[in-house]
Structures are given as structure tokens and as C-alpha cells.
Amino acid sequence: MSKPNTASGRLILVSNRLPIIVREEADQLSIELASGGLATGLSGPHQETQGRWIGWPGMQSPGGGLSGEVQGLLDKRGMTGIPLSSEEYDSYYMQVANRSLWPLFHYFTDRVHYQPKDWEVYERINQRFAEATAAEAQPGDRVFIQDFHLMLVPAMLREMRPDLSIGFFLHIPFPSSEIFRIFPKRKQILEGLLGADVVGFHTLDYTRHFRSSVRRVLGLETSAHGVQYDGREVRLMAQPLGLDVPTWQTPSTDPAIAAEMLKLSEAAAGRKIVLGVERLDYTKGIPERLQAFHNLLANRPEWNEKVMMIQIAVPSRIEAEEYADLADKAHQLAGEINSKFGQPGLQPLHYQFRGVPKETLIAMYRMADVAVVTPLRDGLNLVAKEYVAARSEDDGVLVLSEFAGAALELGEALQVSPFDLDSIEEAMAQGLEMDAQEQEERMAPMRQRVIDADVHAWTSACLGALDEVPERRSPSMFSGQITAQWSADFKSAQKRLVLLDYDGTLRPFAEHPDQATPDKRLLALLKRIGNDPNTDAWIVSGRPSEFLAQHLSGLGFGLVGEHGGMLRGPHETEFTPGGSLPDDEWKNDVLQIMEQVAQRVPGSHIEHKSMGLGWHYRAARSSAAETQAGELYQHLGEVLSGQGLDVLAGNKVIEVRPTELNKGRAARTILENYATTPDWILAAGDDTTDEDLFHAMPAQALTLLVGERPSSAHFRLCSCSALLDQLERWYEPQFQATRTQS
Ligand code: GDG
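Residues numbered from 1 in each chain as written. Predicted model: local features only at pLDDT ≥ 70, side-chain atom pairs only at ≥ 80, totals over all residues. Heavy atoms only, no water.

> Help me out: how do you make sense of the pairing of strand 12 (residues 307–314) in this one?
Burial analysis of strand 12 places seven of its eight residues in the buried class, the great majority of the element. When strand 11 (residues 272–279) meets strand 12, the two strands line up parallel, connected through eight bridges. Within the sheet, the bridge partner assigned to Leu-275 lies in strand 12 and is Ile-310. The β-α-β motif built from strand 11, the intervening helix 11 (residues 286–299) and the parallel element strand 12 has right-handed crossover chirality. (Buried < 20%, exposed > 50% of the residue type's maximum accessible area, 1.4 Å probe, protein only. Helix = DSSP H or I, 4+ residues; strand = E, 2+ residues; numbered from the N terminus. Pairing = 2+ DSSP bridges. Right-handed = clockwise from strand over helix to strand, strands pointing away.)

Quick look at the structure:
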């Protein structure tokens, strides 16, 4: 009995801006597809699945709607336009996205212009995007939402359409939690993003920052894969965006590129070329770079007539005052460099405050001896990758900021700190002087990497993660026809095997583990199961063996304690180890760490087991307990890595125990005792340690999760008492009698 496998549906893309350019000529509207790596990567699956792309078409809608003509044109291309009035554009896009979230996420906290009234508009527009998506999506569709403009959409959409698989990708950095938690709406942003099933970032650093923000701000538990939230596992992934490589490999014989290369070589007049290209944005480090170029000319006069720099600064968000100030500053510096170091007919700096056509850009990448990409902070940085992809001869030198996400992939670049102007100047000089062999040794591996990890690799990784979502959902309820079928099988079975976890499965959690003893109802039920001649029954628990022996002896059950560490058969009186005992040297170190944390969190306590140690914080009063648990989990994971020990984040407990000993291994030991596998097997459990038990079960077993979370169990019941009700029905004498008669 396996879970339904939902075939991937259509792809619904959601981004602030649609990938189009709307043109109006002689009263005639037309729509052209915009080029760009992201649009190219996503347009394939968009078309193949006959999907939909939802976004703002780029023109302001004073009346609050799009004309039928525009919508008709978009429709033909599988697009849905979201209208924005100029006031909405200003609040949602300029003020919140560009003047609050952009500086915050790039660590420019002093530039954050947060205004509650603008945030309301951001919420409203996110709601508008979510509603349009909910209306568009059919059952089984996958939704992929892009970037920081739409961070509330995942949760809003889930509220309306919990059936959809929802992915989100952040194209800018996710900052350290120390920066992120400054923002007044930090909680709402995290909850918004956690509405997705998969959240993607460019680098592992950003996933780590996100995880620590989630722990710190929302107090949630996180794991290596993601975050447990609202009965779901939100998967986090690090996948840097790639290029549409062929664009940057267009040969130099292309007439437009050839013409541009000729123009450039005339302008260079034999000088080497240093290149900078970006939107004019304060994150990109343009004034710092110009200053470093100034210093190069001032400190190394031998280069004065041998080098020219081209700096393309594409106007961007220029209506905001900080961008206008930046433009002034860059202009002023450019003027200073040329007046100081220029000679008649020979300007050292070609500063262009405008964008250039793609062919010109390719020509510049091909001609530049050194590309200087030195952002102060950048999510990834495509320019660095484009320069590398365009170097078909494996020559040229890339100077790259260590604060760009792309630095992790482009390790052979000359990496610099953009805050250290001397290091930029030094790298520029080193690049200008580098011999051909070293250039190739550095460029060739980078180029291969950029070619391999292209935009299609990014798309298939992101969509692949979305495809897995249906399998990661909570199991479906154990009810109706399914229960009836398993009940019929129960009756006809000759030999049954029942494996039950204890805490959270048979007995709800109490504030302190010692208080969670079995009550009369549970004892009566267990006795009935244990006495059934057709049933072999086991408790498979994380509890110390002493607790199990004290409270669950004499019921006819076999007992497994310490997550499989200790076993005692139904007719035995002593526990034996579930495997070879590892040495105990690690325990003192772990105990010391746990004691420090326990001291800080009143009400928490440490549990000693023969195989492991656990720090319990269910009874902790301090709201910092979750944060401490997260820190402890991470710290122990790092300290103990490679020692054959597992660190488990259970239900309000962090445990350390030998990897080799788990409930799955204990279950396999039990199963090995049968010459013929029992014909009716039940395994029930609630927390992640029970997943080992579920995995160890043969395919025909019934695996039941108590509670709601993603699990490999076949079905779920909502509570301990629902499980007890079901077991009582199966093991009541009347039910047994029907079996005997039949
Ligand atoms: C954000 C993140 C992340 C630039 N000038 C011209 C021109 N460009 C093109 C480049 C490149 C793109 O613009 C810029 O991309 P970046 O990645 O460098 O930077 P952002 O715009 O800040 O992008 C960034 C990116 O999202 C993707 O996830 O890498 O970290 O900040 O493709 O070629 N194109 C043309 N003329 C120009 O003058 N034709």
C-alpha cells in the first residue's frame, strides 16, 4: 500500500515583473519576450507544461485594471497581468521592496526606510498576486514564486490552496539573523516564506542564515533539510542561478559583436582594458572601484598610458534620493580621474551612465583583459559568470569580491575585499600583469563550472525539488474503507506482530517524562494485546530500560528501550544490548555541554541512559528554550560529527546516541526471529526516531503515524487516544469472537 504518486502538473510562475517588453507604436500595442537567463531557463517548462506566468506587465494602471487589449496579448503568451496603480507601485515596489527589504537584506541597515503604511500596501499587493495564482492554478499544479517582492505570497497562497506544491526562490542574500531580526515585520516575512514547500537560495550561507532566523524569531526546530512547520517539512535548498550559456558564447564573427569589438579596440588604442558593469546601485561598490582605479593610476604611474577602464553604470531606481546621490558621486569621481590622469585624446576612464545592447556587452567581455566585479554585497552576481562564459580562449582575469554569492563557485578568481581599496588596486595590477599560462589555469576550470551549472541545471534542481513535494506530505488519515480493509485482514491473520512506540503514541506527553506513566485504560488494553495468543507485541521506545521494566512488565510485551539500545523479549527478565556497546568517552563532553545549557534554561533537565544522553525542555518556562535547543542541536552536531553518534531533535528533547543503535535495527532483530513473516504487522509511532522503525518494516506492514507531519508511514491518526480507540476495537473480545467464528 503506497502513497498516491501525483504526476507533475502545469508550472505556474509568479514574479514581480513579467518577462516581457510592451511596445506601443502608432497606437498599436505589441509584446516582446525579454531575454535573460532566468526567463530563458523558466520559459521551457512554462511552455512545455502549458503553464502560466503571473506578474506585473510593466505599465502603471491608473484605473486599477489592465485593458482588455493588454490582457489579450498576455493571454496568448500564457501570461496573466497583475495591475498596479502608480501609488501602489511607489509603496509596494519602491518603498518596501527597494528601500526597505533591499538595503536590509544587503546589510545596509542605515538605509532602511520602513513605513507601516507602505507595508500595508506590500501586504495588499502580495495578496493580489496570491489570489490571481489561486484562481489560475489547477489541482496538481506546481507554483514557483520569485524573489523579495513577493515574500508573503507563499503563506497567502497556501491558506487558499493547501493542495498546491509551492516553491520560492530568493535572488538576493538572506542576511545573518542579527541583521534580519532588526526588521519590524520579521515574523511575517518568515511565516510568509514558510508557506512554501521548498525555499531556494543561491548559497548554503543564506540557508544557514534563514534557518537561524527561523529558530530565533519563530522558535521553530530546524534540521539539515529544512524546517518543521505547521505539520509540514519546508525544504531549504542552495542552488546558485546559472546562465543561458549560448548567449555569452555567440562567436566574435557575429557582425554586431565584431563591429563593437573593432570600436573598442580603436578606443583602447593599444591599452589594456579593465571593465566594470552593473546597475548603478550602492550594493555594487562602484565608487570604491573607481577610487581603486584612481589609486592604481596615482600609485603606479607606469600604467597611466597603458590602461583604460570602462565602467557601465545602468541607471536604476533613480527616482529614490540615495540612488541620485550615488549617481552624483560616481560622476564626480569619474570626472576627477579623467581630469587628473587624462591627456588630450586619451581618457583613462570611459564612464557610461546608461545600459548597452547585449552585443556590446559581449564585445566588452571578450575584449576586457581584467573584469573587476567588486560588490559590497551581492546575492550571486551574474556579470562575473557572464565574463567567464564569454572568455572562449580561457584567458582574461576576473577580480571578484568575496562578498558576492558567486565567489563560492569562482574560487580561481582574484578574490578581494571591496572594503579594502588597496586589495582591489593590488588585484587590478596583478591582473594586468598576469601571464597567459596563469590566466588559463585560473579561467579554464571556472569556465567549465559556469558552463556545467547553467540556468537549465538551476531550473531542473528547483523544479525537481517541487516534484518531490507530494511525497513529503503528511500521510493520509487512517479511516473509512482503508480501516475496514485492515480490520478484515486483522481478523483473518494467523500471526500478528504489533510494534508500538510509547511516548506520544500510546501516552500523551506530560510535563516531565516521569509523570507519563501508563494509566488504567492503557494497561488494560496492553494486557489484552499481550495475552492474545495470535499476537506478538513489543513496545519500541526511547525510554531507559528501567522505566519500561518498572511500568510495563507482566503485560506479555517485549520491550525495546533507548531507541533500540536495549532489548528484552516477552518471556525474558533481563535486557540485553541491541548491539555492541560503543565506548562512553563522548559522554563526559556532551554532559558538560548539556549541563551548561540546562543551567541557562530553568525547568529543563538531563536524562541519563545507558546508551545515550538527553536534554529535556518540555517543562522549561523560559521562552529562550527553543533557541537554546536549536543552538545545542547545531553545536552538538558540529562537535560530534564523524564519531558514530546521532544528535536527534525529538519532541522537546535533544538526544545524543550511537548511530548504530536505532529503532529500525531493533525491529529488524525482532523480525529475524521469524521463519515466516507474520501475516499482519502494525508499527505505530509519532516522532522522527520512529521513521527508522517505519523504514525497517516489510512492505505489507501497516505503519501508522500518530500526529501530523511528513512521514514515511502509510497512514496517520490524529492522537494517542485515536490509536487506543482503534486498538481497543481490534482487541475487544467481541471482535476476536467474530474472527473465531468466521
Ligand atoms: C539580482 C541580485 C543575482 C547589466 N548591464 C547591462 C546588462 N546587464 C545585465 C547583466 C546581468 C544582469 O544585468 C545583472 O545581474 P546581476 O546578477 O549582476 O545583478 P542584479 O541585477 O542585482 O540581480 C544578484 C541576480 O538577481 C540573479 O539571481 O545574481 O545578486 O542582486 O545579466 O548582463 N545587460 C545589457 N546591457 C547592460 O548595459 N544588455
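> Can you walk me through the domain arrangement of the protein in this structure?
Accessible area lost during the coming together of the parts is what is often quoted as the interface size. Its domain assignment divides the protein into domain 1 (11–82 + 128–238), domain 2 (245–451), domain 3 (476–580 + 660–741) and domain 4 (585–658). For domain 3 versus domain 4, the distance between C-alpha centres works out to 27 Å. At the boundary of domain 3 with domain 4, total buried surface from both sides reaches about 1500 Å², with 54% on carbon and sulfur atoms. It is Glu-511, Glu-562 and Leu-661 in domain 3 that bury the most area against domain 4; as a group they hold 33% of the surface buried on that side. In this assembly, domain 3 and domain 4 are joined by six residue pairs in polar contact (both at pLDDT 80 or more). Its residues placed into classes, the side of domain 3 that touches domain 4 shows seven nonpolar, seven polar and seven charged. (Domains from an automatic or database assignment. Buried area = accessible area lost by both parts, 1.4 Å probe. Polar contact = N/O pair within 3.5 Å; in protein donor to acceptor, adjacent residues only side chain to side chain. Nonpolar A, V, L, I, M, F, W, Y, C, P; charged D, E, K, R; others polar.)

> Looking at this structure, I do not really get the nonpolar core. What am I missing?
Among the nonpolar cores identified, the biggest contains 98 residues, and Met-151 and Phe-174 are the most heavily contacted of them. With 10 residues, helix 3 (residues 86–105) is the largest single contributor of residues to this core. When residues are assigned to domains, this core turns out to be shared by domain 1 (11–82 + 128–238) and domain 2 (245–451), each giving three or more. Look past the residues within four positions of Phe-174 in its chain and what remains in contact with it is Phe-105, Phe-180, Leu-190, Leu-193, Phe-201, Tyr-206, His-209, Phe-210 and Ser-213. The next biggest cluster of nonpolar side chains, apart from the first, holds 61 residues, and it includes Leu-13, Leu-264, Ala-384 and Val-469. (Core = buried A, V, L, I, M, F, W, Y, C linked by side-chain atoms within 4.5 Å. Contact = heavy atoms within 4.5 Å.)

> When you look at the packing of aromatic side chains in this model, what are you seeing that I'm missing?
For any pair of aromatic rings, the description consists of the separation of the ring centres together with the inter-plane angle of the planes. Per the counting criterion, the structure on display carries 29 aromatic pairs. Geometrically, the ring pair formed by Phe-478 and Trp-730 is edge-to-face, given 6.2 Å between the ring centres and 70° between the ring planes. One end of the pair, Phe-478, is in the loop between strand 17 (476–477) and helix 18 (480–492); the other, Trp-730, is in helix 25 (residues 720–731), with 252 residues separating them in the sequence. Taking the centre distance of 5.5 Å and the plane angle of 15° together, the rings of Phe-490 and Trp-730 count as stacked. Of the two residues, Phe-490 sits in helix 18 while Trp-730 sits in helix 25, which places them 240 residues apart along the sequence. Accessibility classification places Phe-490 together with Trp-730 in one group, the buried group. Connected via pairs of aromatic rings, a cluster forms that spans Tyr-92, Tyr-114, Trp-119, Tyr-122, Phe-129 and Phe-183. Taking the ring centre of Tyr-282 as reference, the NZ or CZ of Arg-111 above it sits at 4.1 Å. (Phe/Tyr/Trp six-rings, centres within 6.5 Å; stacked < 30°, edge-to-face > 60°. Lys NZ or Arg CZ within 6 Å of the ring centre and 35° of its normal.)

> What is the right way to look at the site of the ligand in this model?
Close to the ligand lie 21 residues, the nearest being His-171, Val-356, Asp-378, Leu-382 and Glu-386. In this structure, His-171 approaches the ligand through a side-chain N or O atom, which is 2.7 Å from an oxygen atom. One nitrogen or oxygen atom from the side chain of Asp-378 is found 2.5 Å from an oxygen atom belonging to the ligand. In isolation the ligand exposes 730 Å². Once the protein is present, 80% of that is buried. Listed by contribution, the elements that provide at least two residues to the shell around the ligand are strand 11, strand 12, helix 13 (358–367) and helix 14 (382–390). With three residues, the single largest contributor to the shell around the ligand is helix 14. Taken together, the residues of the shell around the ligand break down into 11 nonpolar, five polar and five charged. (Near = heavy atom within 4 Å. Areas by Shrake-Rupley, 256 points an atom, 1.4 Å probe, with all protein chains shown as cover.)

> Quick question: what am I supposed to make of the sheet that holds strand 15 (residues 397–401) here?
If you trace the six strands from one edge of the open sheet to the other, you get 13-12-11-14-15-16, paired in parallel fashion. Edge positions in the sheet fall to strand 13 (349–352) and strand 16 (414–416), since each of these pairs with one other strand and no more. Averaged over all adjacent pairs, the angle separating strand axes in this sheet is 15°, with direction ignored. Relative to strand 14 (residues 370–373), strand 11 runs parallel, the two being bridged by two bridges. (Axes fitted to C-alpha atoms, helices over the stretch in contact; angles between N-to-C directions.)

> I would appreciate a short explanation of the environment of Gln-71 in the present structure.
Examined against the element boundaries, Gln-71 turns out to sit in helix 2 (residues 68–76). By relative accessible area, Gln-71 is classed as partly exposed at 23%. Along the backbone, Gln-71 and Gly-81 are 10 residues apart, and their C-alpha atoms lie at a distance of 6.5 Å. Residues in contact with Gln-71, not counting those within four places in the same chain, are Arg-52, Leu-66, Met-79, Thr-80 and Gly-81.

> Looking at this model, I keep getting lost on unusual backbone geometry. Mind explaining?
Glycine aside, negative phi is the norm for most residues, and most peptide bonds take the trans geometry. Positioned with a positive phi, Asp-147 is a non-glycine residue whose angle comes to about 75°. Considering the arrangement of structural elements, one finds Asp-147 in the loop between strand 6 (142–146) and helix 5 (153–160). In this structure, Asp-394 takes a positive phi of about 55° despite not being glycine. Given the relative accessible area of 16%, Asp-394 is considered buried.

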